[in-house]
Amino acid sequence: MRDGPAHRRRRLAGRGILLAGITLQAVLAAGFDLQAQPIRLTPPGTEQRPDTPPQDSTPPIGQPGMGQPGGVQTAPLASPQPSTELAPPNGKSPEFVIQPLSAPDPSTAGLLDDTNGGLGADMWQGTSRAQAVQSIGILPAPVSASALRDLQRRLLLTTAQPPAGSGGTPSLLGLRVEQLYRLGQIAAAEQLGTPQPPDLKDPIFRQMPFEVALLKNELARACDLAAAALREDASPYWQKAAVLCRYSAKDIAGGDLALSLWRDGGGGEDPAFNALAAALRGDARAKVETLGGASPLHFAMLRTAGRPLPKDTLDVAPPALLVALAAYDKADAELRLNAAERAVRYGALPAELLAEAYAAAEIPEAQRAALTAAIAGGKDKSARAAAYLYQSARAAGDAKTRAELVRRAYDLAMARDLLLPTAAAYKPLLNNLVPNEASIAAAPAVIRMALAAGETGTARLWRNILMALPPERDNAGEIAAEAWPLLLIAGEDGDWRDSRYEAWLAAHKDMPAAQRNARAALLLSLAEGAGIAVPTERWDSLLNAAVTGGRVPPVAVWRNLLRASEAKAKGETVALALALLGPNGGLDADGQSLATALGALRNVGLAAEARQIALEAALLRGF
């Protein structure tokens, strides 16, 4: 037997974000600063175990398990079973057929097992290979809801025996690597996909190292990788890469040839690429008004040509590019702060770096009074306003002032669709915020921010203070009633109570009937999705109500999810539930989709995950 594939170790460095003139260290810790982990693509015991556990500065993906210190793991092969066949009746000895052992399937590889967050080595049991490939192929990305994103990452990183069936391209491993990269989980994607298994031909194994080098501004290394790839693959993707490398090396003739080959080879329409190629060639008249798909290649061409970022850059940038933009020293401070916010929103950077970015933003003292008034009047919803509120909350000397600033930060975060990253950045401040009667007006925001940050104890404490007060004092009773669904779904209020449901309905008595009924139906769906028994009578009361809204679920996804869940096909169930809920944590999903997806997850043993997804959906939908 040949030795297993050699381990390759690389150090990918590149830290720092300059926000308003202040360097923020370790901004790339989640994506670009790592040491490649040792890779195991053969069954345990066939190669020497590394002596030293590797380091990894990405957001935690769990501790190594299965006795393997880090790196890619594979599910153990099934043990051979003794034959129970009887000897033939003629008394002759049975013939023995010697067959070579087949090579281990590289798609078995993963980084998580049952000891550190994996979904189980048998998670593809009951699923065909074609079904697994299809379900992984429709996973959403990027994903802004942290509970959904964490479950999706665990699905993609789990060491598991792949389903039976013939391989091919795309491979199961290649799809997993590609989806991790699309999520912005760059370090995990590199660990899982390096080195490239020789029998797999997925383009991602070549494209990802090239693009990561571009994002780190390692143009020479990127062009070496592109040249090697082009020798074996003359596809339009690598012809475009050749355009960048030739023009950046001042090889105008070579760049012109590569551009011609790309166009003649049916590369398709890419106006942004054409404009960038002209700018890189030296055409001062070329206007770069958009980055198009905002791929790392487009960004590298723009950066090499010395052109400013187009206005639509942040709107089209994928998570991996957002990380690079947060550290791009040619961009202004506001854009870099916006990029950091969005990168944290999609999980490509840790929330701690957003807190550092807010704290580091320079806001002149002379502008602070005007900024305070603009925020209070709802006229300033910028990243700069968010940074100012964070700095003010940190500096606040009394609990009432800090609570009020948290309230404003919550309102701003909801308006900017940044609740989860904002709450994560404020988590240390929430823990030190003591509730009192003077802070009642801020209680709704504090409770929601605490739940979004995972601080359920803090949320419960604030709700209990409200319930201990006379209900009429500053609307304490109504505020507590409105907070009840969130505490219930979070598992902090025990079982269903009709009295509290009635109080919640009463708190919404001024809402139009159709809207109130739709909200009630959504609450019942989320509660049941979290595993809470809802009395049938509560559903009966909504039978004749005008309950509408939400996107219609894709029928094929919905139907296959029901099949997979019934068969207890765990991996496929998780993938299809994620696809049904979409990238925004069920923000746009109708009640039926939410109930189906969450019920399917609970049916395959993921009740805690279903509850957390339900809680985030409730928070994002304004409960």
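Anything mentioned here points back to the structure above.
This report concerns the structure included in the present document. (Residues numbered from 1 in each chain as written. Predicted model: local features only at pLDDT ≥ 70, side-chain atom pairs only at ≥ 80, totals over all residues. Heavy atoms only, no water.)

1. Here's the deal with the overall build of the protein chain
Item 1. Counting secondary structure elements, the protein chain contains 28 helices and four strands.
Item 2. In the protein chain, which comprises 623 residues, the proportion classed as buried is 52%.
Item 3. As presented, the protein chain carries roughly 27900 Å² of accessible surface, and 52% of it is formed by carbon and sulfur atoms. (Helix = DSSP H or I, 4+ residues; strand = E, 2+ residues; numbered from the N terminus. Buried < 20%, exposed > 50% of the residue type's maximum accessible area, 1.4 Å probe, protein only. Areas by Shrake-Rupley, 256 points an atom, 1.4 Å probe, with all protein chains shown as cover.)

2. Describing the pattern of salt bridges
Item 1. Using the criterion set out here, one finds 22 salt bridges in the structure.
Item 2. Between Arg153 and Asp150 there is a salt bridge, and its shortest N-O distance comes to 2.9 Å. Pair noted here: Arg153 and Asp150 are both in helix H2 (residues 146–157), with a separation of three residues, about one helical turn.
Item 3. Taking the shortest distance from any N to any O, the salt bridge between Glu404 and Arg407 comes out at 2.4 Å. Linking Glu404 with Arg407, this pair stays in helix H17 (residues 399–415), spanning three residues, or about one helical turn.
Item 4. On the basis of relative accessibility, which here comes to 25%, the residue Arg407 falls in the partly exposed class.
Item 5. If you follow the salt bridges from partner to partner, you end up with Glu404, Arg407, Arg408 and Asp411 in one network. (Salt bridge = Lys/Arg side-chain N within 4 Å of Asp/Glu carboxyl O.)

3. Quick word on helix H1 (residues 129–137)
Item 1. For H1, the complete set of buried residues consists of Arg129, Ala132, Ser135 and Ile136. Projection of H1 onto a plane perpendicular to its axis shows the buried side chains occupying an angular sector of 130°, all on one side.
Item 2. At its buried positions, H1 is contacted by H2, helix H3 (172–183) and helix H26 (570–581). (Arc of directions from axis to C-beta. Contact = heavy atoms within 4.5 Å.)

4. Considering helix H21 (residues 476–489)
Item 1. The end-to-end C-alpha separation of H21 is 21 Å, in line with the 20 Å expected for 14 residues at 1.5 Å each.
Item 2. Counting buried positions along H21 yields eleven of 14 residues, so the element is predominantly enclosed.
Item 3. Among all positions of H21, only Ala476, Ile479, Ala480, Ala481, Ala483, Trp484, Pro485, Leu486, Leu487, Leu488 and Ile489 are buried.
Item 4. Against helix H19 (443–452), helix H20 (456–468), helix H22 (498–507), helix H23 (513–529) and helix H28 (607–620) lie the buried residues of H21.
Item 5. Looking one or two residues past H21, Gly491 carries a phi angle of roughly 85°, positive in sign. (Expected span 1.5 Å × (residues − 1).)

5. Thoughts on the packing of H17 against helix H18 (residues 419–431)
Item 1. Look at H17 against H18: their axes get within 9 Å of each other, and the N-to-C directions meet at 165°. Between H17 and H18, the crossing angle belongs to the class labelled roughly antiparallel. The interaxial crossing formed by H17 with H18 has right-handed handedness. Of the residues in H18, those touching H17 at Arg402, Val406, Ala409, Tyr410, Ala413 and Met414 are Leu419, Thr422, Tyr426, Leu429 and Leu430. (Axes fitted to C-alpha atoms, helices over the stretch in contact; angles between N-to-C directions. Parallel < 35°, antiparallel > 145°, perpendicular 65-115°, else oblique. Left-handed = near helix turned anticlockwise from the far one by under 90°.)

6. Points about the nonpolar core
Item 1. By size, the foremost hydrophobic cluster in this structure holds 188 residues, and its most contacted members are Tyr181, Met301, Tyr426, Met449, Leu451, Trp496 and Leu526.
Item 2. When residues in this core are grouped by element, the largest group, nine residues, is from H21.
Item 3. The residues contacting Met301, other than those within four sequence positions of it, are Val243, Leu244, Phe273, Leu276, Ala277 and Leu280. (Core = buried A, V, L, I, M, F, W, Y, C linked by side-chain atoms within 4.5 Å.)

7. Comments concerning the side chain of His298
Item 1. By the element assignment, His298 lies in helix H10 (residues 296–305).
Item 2. Every residue in contact with His298, bar those within four places of it in the chain, is listed here: Lys240, Asp270, Ala272, Phe273, Leu276 and Leu291.

8. Things to note about the environment of Ala423
Item 1. In this structure, Ala423 sits in helix H18.
Item 2. Residue Ala423 is classed as buried on the basis of its relative accessible area of 0%.
Item 3. Between the alpha carbons of Ala423 and Gly454 there is a distance of 8.8 Å; along the sequence they are 31 residues apart.

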